[in-house]
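Secondary and tertiary structure notes
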Amino acid sequence: MSKESIGRWIFTQDGLMEGHLVVEGDEVVEICHGKAPEGSSKAIVLPAFVNAHTHIGDSFAYPAPKGTVEEIVAPPNGYKHRMLRTASRSRKIEGMRSAISTMAETGTSAFIDFREEGAGGIQMAMESADGLLVSPTLLGRPVHADASYEALDDFVAQCDGFGMSSIRDWPRDLLERASKAAKSRGKLFGLHASEILREDVDAVLDLKPDFLVHMTAASDDDLVAVAEARVPIVVCPRSNEFFGIDPRIPRLLRAGVEVALGTDNGMICRPDMLEELRAAFRLSASSGGTTPSETIRLATCSGRKVLNAVREITTEIEQTDDLVVLEMQGEDPLTEVVSAAGSARVSAVSRGGRFRRI
Ligand SMILES: [Zn+2]
């Protein structure tokens, strides 16, 4: 079988370098560094994207009406929760499957979902992901605020951990039990925090979260405390923009926080990480800016660091890694990725060395 050279550039956690893939049939047989041979496609190879925060469960309700965070997503009676209560199981699964298919086609290899609706919600998400080439990390939440430790332990045994809404939504003792149950089984405990209202950062960090989502209303001191506790923050620029919030990513990076990117609610944004990258780059300009390389790291290397708490994903590139190939037009691929490259530029994805053209 003949070998083909793909790409001219490779993005690693150390930045951009010249290099290409050697593909034979549907297999990546080598990753070469240095100048690509004549005829190699004009493309950049990146670690596949990790979408570090989704709620795929409400994808069926896309597009959401305009409103405040409270009106649209807050439990128990925001628009999202009313829709989840009334939609059929099959409609929800169809929406989730469509969302995961979008991820597969747009270069995402893994996602971390906060699933509502208790054990039934987790079950629906598992069914939705079945057979699609994206690895789900499913974080659920209990249906009852007075769930016992035994019930929480039982629940977390069936998924990858807990993905809780804000600490204001839950009794303190429930959050403490959930965190303990997740830790004792080596599962994740993730929390939304300080999205529109600043919350007590000590009360949040005392719960030993593996990562936080948003922190858009946090003070600079809060961010330093989070950085010192080595807790990554997942930001969702398009969701923030929908609600009129500035994610201020440069401020988080300056505080020393590990920042990953997520697309948040399926009813607000399609789970397309290239769109999220472009939004992150564009919105950061008003608060000091991020470089293209820093921005791409948010969607690749940093997302992997969030996931490393439960599974080993390397941030180096090897031929068996999950990769995405983007076709380029100019000679500055990093700028092109964060400012111009839409999902139509995704020409191939590779999972575990298995190369698939799109
Ligand atoms: Zn969320």
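These figures come from a predicted structure and were not determined experimentally.

Time to look at the state of the cysteines. Under the definition given, this model contains 0 disulfides. No disulfide involves Cys 159; its sulfur sits 20 Å from that of Cys 236, the nearest cysteine.

Parsing the protein into structural domains produces domain 1 (3-47 + 314-357) and domain 2 (49-307). If you look at the interface, domain 1 gives 23 residues, while domain 2 gives 22 residues. Summing both partners gives a buried area of about 2000 Å² for domain 1 against domain 2, and 67% of it is carried by carbon and sulfur. For the pair domain 1 and domain 2, the interface holds 5 residue pairs in polar contact (both at pLDDT 80 or more). Broken down by element, the side of domain 1 that touches domain 2 gets its largest block of residues, 5 residues, from helix H14 (residues 333-339). Classifying every residue of the side of domain 1 that touches domain 2 by side-chain character gives 12 nonpolar, 8 polar and 3 charged.

Before going further, it helps to spend a moment on the packing of aromatic side chains. Following the criterion strictly, the structure yields 3 aromatic pairs and no others. A centroid spacing of 5.9 Å and a plane angle of 55° characterise the contact between Phe 114 and Phe 211, whose relative ring orientation is tilted. Residue Phe 114 is located in strand S7 (residues 108-114), and its partner Phe 211 is located in strand S11 (residues 211-214); the two are separated by 97 residues in the primary sequence. You can call Phe 211 buried: its relative accessible area is 0%. Measuring from centroid to centroid gives 5.0 Å for Phe 242 and Phe 243, while their planes differ by 90°, and the two rings are edge-to-face. Each member of the pair, Phe 242 as well as Phe 243, carries the same accessibility label: buried. Cation over ring: Lys 66 sits above Phe 242, and NZ or CZ is 4.3 Å from the ring centre. Across from the ring centre of Tyr 149, 5.2 Å away, lies the NZ or CZ of Lys 180, which sits over that ring.

Right, let's get into the coordination of the zinc ion. Here the zinc ion is held by the protein donor atoms His 53 (NE2), His 55 (NE2), His 192 (NE2) and Asp 264 (OD), which lie 2.0 to 2.7 Å from it. For the zinc ion, the 4 donor atoms in the first shell make angles of 85 to 163° at the metal, so the coordination geometry reads as irregular. One chain supplies every donor to the zinc ion, and in sequence these donors are spaced H-x1-H-x136-H-x71-D. Of this pair, His 53 sits in strand S6 (residues 49-55) while Asp 264 sits in strand S14 (residues 264-265), and the two are 211 residues apart along the sequence. Classification of Asp 264 as buried rests on a relative accessible area of 4%.

Definitions and limits used
Residues numbered from 1 in each chain as written. Predicted model: local features only at pLDDT ≥ 70, side-chain atom pairs only at ≥ 80, totals over all residues. Heavy atoms only, no water. Disulfide = S-S within 2.5 Å. Domains from an automatic or database assignment. Contact = heavy atoms within 4.5 Å. Buried area = accessible area lost by both parts, 1.4 Å probe. Polar contact = N/O pair within 3.5 Å; in protein donor to acceptor, adjacent residues only side chain to side chain. Helix = DSSP H or I, 4+ residues; strand = E, 2+ residues; numbered from the N terminus. Nonpolar A, V, L, I, M, F, W, Y, C, P; charged D, E, K, R; others polar. Phe/Tyr/Trp six-rings, centres within 6.5 Å; stacked < 30°, edge-to-face > 60°. Buried < 20%, exposed > 50% of the residue type's maximum accessible area, 1.4 Å probe, protein only. Lys NZ or Arg CZ within 6 Å of the ring centre and 35° of its normal. Donors = N, O, S within 2.8 Å, 3.2 Å for Na, K, Ca; no water. Tetrahedral: all angles 85-135°; square planar, octahedral: opposite > 155°, others 65-115°.

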